[in-house]
Each structure stands twice: as structure tokens, then as C-alpha cells.
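This is what each chain is made of:
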Amino acid sequence: QLSNLLFLEHYHRCIFVPYLTSAELIFSTNLKQEMMKILATILTTTMIFVGSLLTSVNQEITVTVVNATTDNGKVSFALYDQITFMKTPLKGASAKIIQGKSTVTFKNIAQGEYSVICFHDKNNNGKIDFNENGMPLEDYGASNNNMDFGPPSFLDSKFSVIEEDVSLEIKF
């Protein structure tokens, strides 16, 4: 029975395989070549994907409130995407107000659509205060400065981060 086995050395190790005809050897060689092409394609795609992830998460969003009515307190900023809008922010930051302006920078932002909402926390209690009717007692604003009656909407306040850093000015 051993006479029917062909001894082959493959990738520096010895294996026994059944004797193959010429046609079977050609098919086996073609299969190996096809598998190598598939493996090369998978590796190339993976490298491109990882490279795009590394380059797409380096944008910054700088947001400035330009018209705070007083330098008392701070301005709190929240960054949202469509899924997290008005729920849990992706990132949050607060900054002091100097001469009516307050600026924060959100770093390492991936490409996509976002919205920023901010408010002037005049009494430093960490939340926006409302009166009995539900109207805010502290100034607030959103990206794109489209403030109709009622809370901001994602559609009205969204902006895109593509390949460059983004700078926004918000007015209360």
C-alpha cells in the first residue's frame, strides 16, 4: 500500500498523500493559486480598512459660544450623533467664559454626522434650569444656530465631519 503513496515536502515539513494523477496535480496547483489570491485579497482589504480607521479618527470639532450674556458660571457642551441625540452624549465638556466667549475642542472624532448642544450654566449646578412651565431659565443653543420654539432637533443642528477639522460658532 505504501507504493501508492507519494512522499512530498511542503512548506518544510513532510507529509504523505495518496498518489495523484497529472490532472489532479494541476487542479491541486490551481487550487493553491486561487487560495493564495483569496488570501492576498483578504489581507489587502484588511490593511485598507485598518488604515482608513486610523486616518478617520483624528478630526477635531472646535465649538465656540460667542455671545454669553455674563462671564459668571460656565458653558457646558455635548456632542451627539443621530442615535444618541438628546440622550447620552458621545462626548461632553465645559469651559469658562471669558469676555462672553467659551470654547471647547472635541478630539479624535470619526467621520460622520454630529450635533452639538450647549447651555450657559450660570449657577454652576451642572444642569440646565427650567421654570414651572418647562421653559429654560438659562441660555442654550445648538450647532447651526437654528433655534425655533421648542428643543433643538438633530436634523436642524447636524453637521458633517469628513476629512478636515470643524469649527462652529453657536449663538444663544
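Residues numbered from 1 in each chain as written. Predicted model: local features only at pLDDT ≥ 70, side-chain atom pairs only at ≥ 80, totals over all residues. Heavy atoms only, no water.

Caption draft 1: Structural detail: the overall build of the chain. Along its length, the chain carries two helices and 10 strands. Going residue by residue from the N terminus, the α and β elements of the chain occur as β-β-α-β-β-β-β-β-β-α-β-β. Per-residue burial for the chain yields a buried fraction of 26% across its 172 residues. Taking all contacts inside the chain whose residues are at least 6 apart in sequence as the whole, residues at least 24 apart take part in 63%. Carbon and sulfur atoms provide 58% of the accessible area of the chain, an area that totals close to 12000 Å². (Helix = DSSP H or I, 4+ residues; strand = E, 2+ residues; numbered from the N terminus. Buried < 20%, exposed > 50% of the residue type's maximum accessible area, 1.4 Å probe, protein only. Contact = heavy atoms within 4.5 Å. Areas by Shrake-Rupley, 256 points an atom, 1.4 Å probe, with all protein chains shown as cover.)

Caption draft 2: Seen up close, the sheet that holds strand β6 (residues 102–109). Strands sit in the order β6-β3-β10 across an open sheet of three strands; the sheet is mixed. Two strands bound the open sheet, and with one partner strand each, they are β6 and β10 (166–170). Taken pair by pair, the neighbouring strands of this sheet meet at an average axis angle of 15°, ignoring direction. Looking at chain direction, strand β3 (residues 59–65) and β10 are connected through five bridges and run parallel. Bridge pairing links Thr 64 to Glu 169 in β10. (Pairing = 2+ DSSP bridges. Axes fitted to C-alpha atoms, helices over the stretch in contact; angles between N-to-C directions.)

Caption draft 3: View of the nonpolar core. Ile 61, Val 63, Phe 77, Leu 79, Phe 106, Val 116 and Phe 159 are the most contacted members of the largest nonpolar core, which totals 20 residues. In contact with Phe 77, other than residues within four places in its own chain, are Val 63, Val 65, Lys 91, Gly 92, Ala 93, Ser 102, Val 104, Phe 106, Val 116, Ile 117 and Cys 118. Core analysis: the next-biggest nonpolar cluster, separate from the first, contains six residues, Tyr 80, Phe 85, Ile 117 and Phe 154 among them. (Core = buried A, V, L, I, M, F, W, Y, C linked by side-chain atoms within 4.5 Å.)

Caption draft 4: Inspection of the packing of aromatic side chains at higher detail. Inspection of every chain in the model, using the stated rule, returns two aromatic pairs. Between Tyr 80 and Phe 85 the ring centres are 5.6 Å apart and the planes differ by 70°, which places this aromatic pair in the edge-to-face class. Neither Tyr 80 nor Phe 85 differs from the other in exposure class; each is buried. A ring pair is formed by Phe 85 and Phe 154, whose centres lie 5.7 Å apart and whose planes are at 70°; its orientation type is edge-to-face. Taken together, the positions of Phe 85 in the loop between β4 (74–80) and β5 (91–96) and Phe 154 in helix α2 (residues 154–157) put the pair 69 residues apart, joining distant regions of the chain. Accessibility expressed as a relative area gives 12% for Phe 85, which makes it buried. Take Phe 154: its relative accessible area is 8%, and that puts it in the buried class. (Phe/Tyr/Trp six-rings, centres within 6.5 Å; stacked < 30°, edge-to-face > 60°.)

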